[in-house]
Amino acid sequence: MPEILVVIEHRKQRVADISLQMLSKGRQLADRAGADLLAVAIGSDVVSFSDELTRWADSVLAVENLAAGEMLAEPSQEILSSVIRERKPFLVLMGHSSFGIDLAPALAIELGTPLITDCIDISLVNGSVRAIRSLYNGKVNAVYSFTPSETIMVTGRIGEFPVEEGNREGKVEWIDFSPEEKHDFKRFEGYTEQEAAGVDITQAEVLISVGRGIKDKSNIEVAERLAHELGGVLACSRPVADYGWLPAEYQVGLSGKTVNPKLYLALGISGAFQHIVGMKGAKMIIAVNRDNKAPIFRVADYGIVDDIFKVIPLLVQKISELRN
Ligand SMILES: Cc1cc2nc3c(=O)[nH]c(=O)nc-3n(C[C@H](O)[C@H](O)[C@H](O)COP(=O)(O)OP(=O)(O)OC[C@H]3O[C@@H](n4cnc5c(N)ncnc54)[C@H](O)[C@@H]3O)c2cc1C
């Protein structure tokens, strides 16, 4: 039976969302191809979630390996290359996460397999794997097909693949693996929790989010006034946090927080996918940007093409009038 293999990522004994996304995609493709879906979970405490994976996978290879611990790429690579050589899956899927970015290129080079990274869709066309990457900040989609190869490897972009309910009843196989190599140049020390800033943007119903278009720290108070009028909370894109205009806890997106407010007002934010992935679950998105081609307008319910420094004071005035 042909196989599709999904590499499972986990943190603190929980399967990472990106792995559930890859499992859902893998299940879809396996059903279409009449293939089996194989999930490979490596690390310490794999036992705590391996049964959960059987809802999507026909079989789960669980490798309890202390060296791989909390997702270290090098020991995982040694184990995976051995599994892939033996099982010869026609497709290997993993997340385009920091772990996937670390692991996939090295694994592909070791095995001599083609690799396409950061894909937003993966399909089978006449039995061949087809992958789509989004280029130039979402302006162009490139479709890739592969030269024939025993195994093809693809990493999927976080947040692009919906999680579908799994209803399989696969089985778990435990594997003993004694690493031949010593992987001691990198080790897992522990997790450091970010200090709370007193604001939890993930709980806010109204978010007034500012991007680089706000231009300077001194202009933050303009947006703050609007947040006050709307009874909302400030949030921001990454450059605003990187410049220190707002604390890191306010950052929305891939390397920030995921938010689901009733209203998300994006002010001077271009709409890079790393930002969109953190806010596309908002019930209503309103974007203000002077560039009518800004990608943020693709996810916005309402858009205003104008200068934020013109629009914000007008909004403050109007809301204040309405409230009075
Ligand atoms: C690994 C990685 C992780 C990342 N994680 C995140 C993340 O978590 N969150 C995140 O946000 N980004 C993240 N990024 C960065 C991301 O790629 C973008 O660079 C970033 O989102 C851009 O922020 P921005 O929209 O504020 O700035 P820009 O892209 O510079 O956009 C500014 C926008 O403001 C508009 N503008 C300028 N002046 C005005 C004005 N006066 N009136 C109206 N509009 C105006 C412009 O037209 C432009 O569209 C990440 C990148 C990488 C590589």
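Keep in mind the model is a prediction, meaning the values are calculated, not measured.

1. Regarding the environment of Glu180
With respect to the helices and strands, the residue Glu180 is situated in the loop between strand 11 (171–174) and strand 12 (206–210). In sequence terms Glu180 and Leu254 are 74 residues apart; their C-alpha atoms lie 36 Å from each other.

2. Quick notes on the pattern of salt bridges
Where charged atoms from two side chains of opposite charge approach closely, those side chains can pair. Inspection of the entire model under this criterion finds 20 salt bridges. With a shortest N-O distance of 3.0 Å, Asp118 and Arg157 are connected by a salt bridge. Remark: Arg157 occurs in the loop between strand 10 (152–156) and strand 11 and Asp118 occurs in strand 7 (residues 115–125); sequence separation between them is 39 residues. For the pair Asp118 and Arg157, one class covers both residues: buried. One salt bridge in this structure joins Asp242 and Arg238, with 3.4 Å as the shortest N-O distance. Separated by four residues within a single helix, Asp242 and Arg238 lie in helix 6 (residues 238–242), roughly one turn from each other. Given the relative accessible area of 45%, Arg238 is considered partly exposed.

3. Here's the deal with helix 9 (residues 308–323)
A turn of α-helix holds 3.6 residues, and therefore any two residues three or four places apart point the same way. Over its 16 residues, helix 9 extends 22 Å from the first C-alpha to the last, a length consistent with the 22 Å expected when each residue adds 1.5 Å. The complete set of buried residues in helix 9 reads Ile308, Val311, Ile312, Val316 and Ile319. In an axial view of helix 9, the angular spread of the buried residues amounts to 135 degrees, which keeps them on one side of the axis. Residue Asp307 occupies the N-cap position of helix 9, its side-chain oxygen lying 2.8 Å from the main-chain nitrogen of Phe309.

4. A short note on the nonpolar core
Ranked by size, the top nonpolar core spans 35 residues in total, and within it Ile8, Leu23, Leu91 and Ile122 carry the most contacts. For this core, the secondary structure elements donating two or more residues are strand 1 (3–8), helix 1 (17–33), strand 4 (36–43), strand 5 (59–64), strand 6 (91–95), strand 7, strand 8 (128–135) and strand 10. The dominant element in this core, judged by the number of residues it contributes, is helix 1, at six residues. Ile220, Val240, Val288 and Ile312 belong to the second largest nonpolar core, which has 26 residues in total.

5. Observations concerning the site of the ligand
The ligand sits among 26 residues. The nearest are Arg212, Ser237, Gln251, Ser255 and Ser270. Within the side chain of Arg212, one N or O atom sits 2.7 Å away from an oxygen atom of the ligand. Asn289 has a polar side-chain atom sitting 2.8 Å from an oxygen atom of the ligand. Here the ligand, which alone exposes 990 Å², has 76% of that area covered by the protein. Put simply, the parts of the chain that give the shell around the ligand at least two residues each are helix 6, helix 7 (273–279) and helix 9. Looking at side-chain class alone, the shell around the ligand contains seven nonpolar, twelve polar and seven charged residues.

6. Digging into the sheet that holds strand 14 (residues 263–267)
Taken in spatial order, the five strands line up as 13-12-14-15-16 in an open sheet, and their pairing is parallel. Two strands lie at the open edges of the sheet, namely strand 13 (233–236) and strand 16 (302–304), each paired on one side alone. Geometrically, the sheet is characterised by an average inter-axis angle of 20 degrees between neighbouring strands, direction not taken into account. Direction of pairing for strand 12 relative to strand 13: parallel, over a ladder of four bridges. Following the sheet pairing, Ser209 is matched in strand 13 by Ala235. Of the strands in this sheet, strand 12, strand 13 and strand 14 touch helix 5 (residues 220–230), which is tilted by about 170 degrees from strand 12. Those strands touched by helix 9 are strand 14, strand 15 (284–288) and strand 16, and its axis lies near 140 degrees from that of strand 14.

7. Observations concerning the packing of aromatic side chains
Tallied over the entire structure, the rule returns two aromatic pairs. Ring centres of Phe188 and Tyr191 lie 5.1 Å apart, and the angle between their planes is 65 degrees; on these two criteria the pair is classed as edge-to-face. Here Phe188 falls in the partly exposed class, since its relative accessible area comes to 37%. Ring plane angle 45 degrees and centroid distance 4.8 Å describe the contact between Tyr243 and Trp245, whose orientation is recorded as tilted. Take Tyr243: its relative accessible area is 44%, and that puts it in the partly exposed class. The class for Trp245 is buried, based on a relative accessible area of 14%. One residue, Lys12, lies across the ring of Tyr191, its end atom 4.9 Å from the ring centre. The side chain of Arg157 reaches across the aromatic face of Phe273, ending 3.2 Å from its centre.

What counts and what doesn't
- Residues numbered from 1 in each chain as written.
- Predicted model: local features only at pLDDT ≥ 70, side-chain atom pairs only at ≥ 80, totals over all residues.
- Heavy atoms only, no water.
- Helix = DSSP H or I, 4+ residues; strand = E, 2+ residues; numbered from the N terminus.
- Salt bridge = Lys/Arg side-chain N within 4 Å of Asp/Glu carboxyl O.
- Buried < 20%, exposed > 50% of the residue type's maximum accessible area, 1.4 Å probe, protein only.
- Expected span 1.5 Å × (residues − 1).
- Arc of directions from axis to C-beta.
- Polar contact = N/O pair within 3.5 Å; in protein donor to acceptor, adjacent residues only side chain to side chain.
- Core = buried A, V, L, I, M, F, W, Y, C linked by side-chain atoms within 4.5 Å.
- Near = heavy atom within 4 Å.
- Areas by Shrake-Rupley, 256 points an atom, 1.4 Å probe, with all protein chains shown as cover.
- Nonpolar A, V, L, I, M, F, W, Y, C, P; charged D, E, K, R; others polar.
- Pairing = 2+ DSSP bridges.
- Axes fitted to C-alpha atoms, helices over the stretch in contact; angles between N-to-C directions.
- Contact = heavy atoms within 4.5 Å.
- Phe/Tyr/Trp six-rings, centres within 6.5 Å; stacked < 30°, edge-to-face > 60°.
- Lys NZ or Arg CZ within 6 Å of the ring centre and 35° of its normal.

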